[in-house]
Amino acid sequence: MPRHLRIAIVGPTHPYSGGIATHTTSLAHRLQDAGHRVHLLSWKAQYPAFLRSGTTRVPESEPEVAPFPSSTERLAWYNPLTWIRAGLTMRGADVVVVTGVTPYHAVPYAVMHVAAGRRPRGVVLAHNVLPHEHGRFDERLVRMMYRQYGAVLVHSDEQAALARGIVGDDPDVDVRVARLPLADLLLGDGPDSSETTTDPEVSAATSVDGTVTVGFFGMVRHYKGVDQLLEAAARVPGVRVVVRGEFWQPVDEYREQARSLGIEDRVEVVDGYVAMSDMAAMIRGFDVVALPYRSGSSSINVALAHRFGTPVLATDAGTLALDVRDGVDGLVVPADDVDALTEALRRLVRPGELARLRSGVDQHASDRMWTAYTDTVAGFVGA
């Protein structure tokens, strides 16, 4: 495998917000740090607005991750000329990595692939093989994209099986798996900060009144199971739930659920994008970060929680169970199971349990995952 490659990455970067943009940018930095020559091609208009609700951009002056110096932001979903120009710039690359944000991108990526010619090795970085709510043509578009590029990088065995099922028995599509590391986020303070500690006594809520504060943050969608978390919390008097993020359903549905369950005094719902600058303080305000997903592929929220010494309660949906060591740095329960969530919450309010889980958190685990991840990307060359 060549030590130093010329790598073109196509995907969102600052000022786009969210996990895919921060991961794409961090990947560019990490590959460059490994000695590769990297060019990041980003979007000035990534897709039609109706494909995603909520905050899609952050202020130019408030990046969530350090901007990558060798980057351009000229691609537009509505302008095929920008796709062709991008493809032409890729002709000198050894490998082209395109971020599969939506199946729609199969169209511009097809044009880029043709314009780039035969030389670069193509790789699709698939955070989700299919959207969580996918349409009738999505699978066909994804199949076209994977077969054209010939290589797919996913973040779980489950997603790998889905990708292989879509391409069928095509021997020319190389599907590989690498664990998703935490992006190099600008959080204001990190695991080396003097404020960060794994001392179990710092858990603010439990030190005040014995209540365990269980926090959920990020995009709030039905498949993420917040409603089931509230249902379980209603059965465990010592639990307080905080939900912060942008809601795909009317936020009042969750507030009404809390009222109907009689726990409105133990539930706080805050509708709005959580800025990276607020992340550290928010997570430290939780005793436990909850990921009660009914289904899903992967999430950086486990790594974010662990970065600040906070244990995680997660279901076994997607890769979540791979990122939580059950009984060591968090608890894992079956997905779509309110009774199991309830039992986990009851366990968390037992004396000493939170302190034990907090002491088991490894705040530096994600850093070690990046080497394996970048090696996997570079390893597609010559395969």
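Up top is the structure.
Treat the numbers as computed from the prediction; the structure is a model and nothing was measured. (Residues numbered from 1 in each chain as written. Predicted model: local features only at pLDDT ≥ 70, side-chain atom pairs only at ≥ 80, totals over all residues. Heavy atoms only, no water.)

**Q** How should the overall build of the protein be read in this particular structure?
**A** Helix and strand counts for the protein come out as 14 helices and 13 strands. Here the C-alpha radius of gyration of the protein, 21 Å, is about what a compact globule of 383 residues would show, namely 21 Å. Each principal axis of the C-alpha atoms in the protein carries an extent, and together these give about 65 × 45 × 40 Å. Across the 383 residues in the protein, those meeting the buried criterion constitute 55%. Within the protein, contacts between residues separated by at least 24 positions form 77% of all contacts whose residues are at least 6 apart in sequence. For the protein, the accessible area works out to roughly 16,100 Å², and carbon and sulfur atoms hold 50% of it. Taking the 38 positively charged and 46 negatively charged side chains of the protein as two groups, their mean positions are separated by 8 Å. (Helix = DSSP H or I, 4+ residues; strand = E, 2+ residues; numbered from the N terminus. Rg over C-alpha atoms; globule rule 2.2 N^0.38 Å. Buried < 20%, exposed > 50% of the residue type's maximum accessible area, 1.4 Å probe, protein only. Contact = heavy atoms within 4.5 Å. Areas by Shrake-Rupley, 256 points an atom, 1.4 Å probe, with all protein chains shown as cover. Lys, Arg positive; Asp, Glu negative; His and termini not counted. Charge placed at Lys NZ, Arg CZ, Asp CG, Glu CD.)

**Q** Hey, could you run me through the environment of arginine 6 in this one?
**A** As for its placement among the helices and strands, arginine 6 is situated in strand β1 (residues 6-10). For arginine 6 and arginine 358, which are 352 residues apart along the polypeptide, the C-alpha to C-alpha distance reads 42 Å. Residues contacting arginine 6, with those up to four places away along its chain left out, are Arg37, Gly92, Ala93, Asp94, Val95 and Arg119.

**Q** Please clarify how a nonpolar patch on the surface should be interpreted in this entry.
**A** On the surface, Leu81, Ile84 and Leu88 cluster together to form a nonpolar patch covering roughly 260 Å² of accessible area. Mapping leucine 81 onto the fold places it in helix α2 (residues 80-89). (Patch = residues over 30% accessible without salt bridge, like charges linked within 9 Å, V, L, I, M, F, W, Y side chains within 5 Å. Salt bridge = Lys/Arg side-chain N within 4 Å of Asp/Glu carboxyl O.)

**Q** Explain the side chain of threonine 342 here, please?
**A** Following the sequence through the fold, threonine 342 ends up in helix α12 (residues 338-348). Looking at threonine 342, the relative accessible area reads 1%, which means it is buried. Once you skip the residues sitting within four places of it in the chain, threonine 342 turns out to touch Ala232, Arg235 and Val236.

**Q** Looking at this model, I keep getting lost on the packing of aromatic side chains. Mind explaining?
**A** The description of two aromatic rings rests on the distance between their centres and on the angle between their planes. Applying the stated criterion across every chain, the model contains 6 aromatic pairs. Measuring from centroid to centroid gives 5.9 Å for tyrosine 223 and tyrosine 293, while their planes differ by 90°, and the two rings are edge-to-face. Placement of tyrosine 223 in the loop between β8 (212-217) and α7 (226-233) and of tyrosine 293 in the loop between β11 (288-291) and α10 (301-307) is noted, with a sequence separation of 70 residues between them. As far as burial versus exposure is concerned, tyrosine 223 and tyrosine 293 are alike and both buried. Across from the ring centre of phenylalanine 380, 4.5 Å away, lies the NZ or CZ of arginine 176, which sits over that ring. It is arginine 221 that lies over the ring of tryptophan 248; its NZ or CZ is 3.7 Å from the centre. (Phe/Tyr/Trp six-rings, centres within 6.5 Å; stacked < 30°, edge-to-face > 60°. Lys NZ or Arg CZ within 6 Å of the ring centre and 35° of its normal.)

**Q** Honestly, the packing of helix α3 (residues 106-116) against helix α4 (residues 138-149) in this entry has me stumped. Any pointers?
**A** When two helices pack together, their arrangement is captured by the angle between the axes and the distance separating the axes. Between α3 and α4, the shortest axis-to-axis distance is 9 Å and the interhelical angle comes to 20°. Considering the angle they form, α3 stands roughly parallel to α4. As α3 packs across α4, the resulting crossing turns out to be left-handed. Judged by residue contacts, Ala106, Val107, Tyr109, Ala110, Met112, His113 and Val114 of α3 engage Leu141, Met144, Met145, Gln148 and Tyr149 from α4. Looking at the contact of α3 with α4 residue by residue, the class counts come to 10 nonpolar, 2 polar and no charged. (Axes fitted to C-alpha atoms, helices over the stretch in contact; angles between N-to-C directions. Parallel < 35°, antiparallel > 145°, perpendicular 65-115°, else oblique. Left-handed = near helix turned anticlockwise from the far one by under 90°. Nonpolar A, V, L, I, M, F, W, Y, C, P; charged D, E, K, R; others polar.)

**Q** Any chance you could explain the sheet that holds β1 here in plain terms?
**A** For sheets, the rule is that strands pair by backbone hydrogen bonds, running either parallel or antiparallel. One open sheet holds the 7 strands; their spatial order is β3-β2-β1-β4-β5-β6-β7, and the pairing between them is parallel. Two strands close off the open sheet at either side, each with one partner strand: β3 (71-76) and β7 (174-177). Here the strands of the sheet are splayed against their neighbours by 25° on average, with no regard to which way each runs. Inspection of the sheet shows β1 paired to strand β2 (residues 37-45) by 5 bridges, in the parallel sense. (Pairing = 2+ DSSP bridges.)

**Q** Explain the sheet that holds β11 here, please?
**A** Reading across the sheet, the 6 strands line up as β10-β9-β8-β11-β12-β13 and stay open at both edges, with parallel pairing between neighbours. Each edge of the sheet is formed by a strand with only one pairing partner; in this case those strands are β10 (267-271) and β13 (330-333). Each adjacent strand pair in this sheet contributes to an overall mean axis angle of 20°, direction not counted. Where β11 lies against strand β12 (residues 312-315), 3 bridges are found, and the strand directions are parallel. In the strand pairing of β12, alanine 290 is matched with leucine 313. Across the sheet, α7 lies against β8, β9 (239-245), β10 and β11, angled at about 165° from β9, the strand it touches most. Contacting β8, β9, β11, β12 and β13, α12 runs over the sheet at an angle of about 160° to β13.

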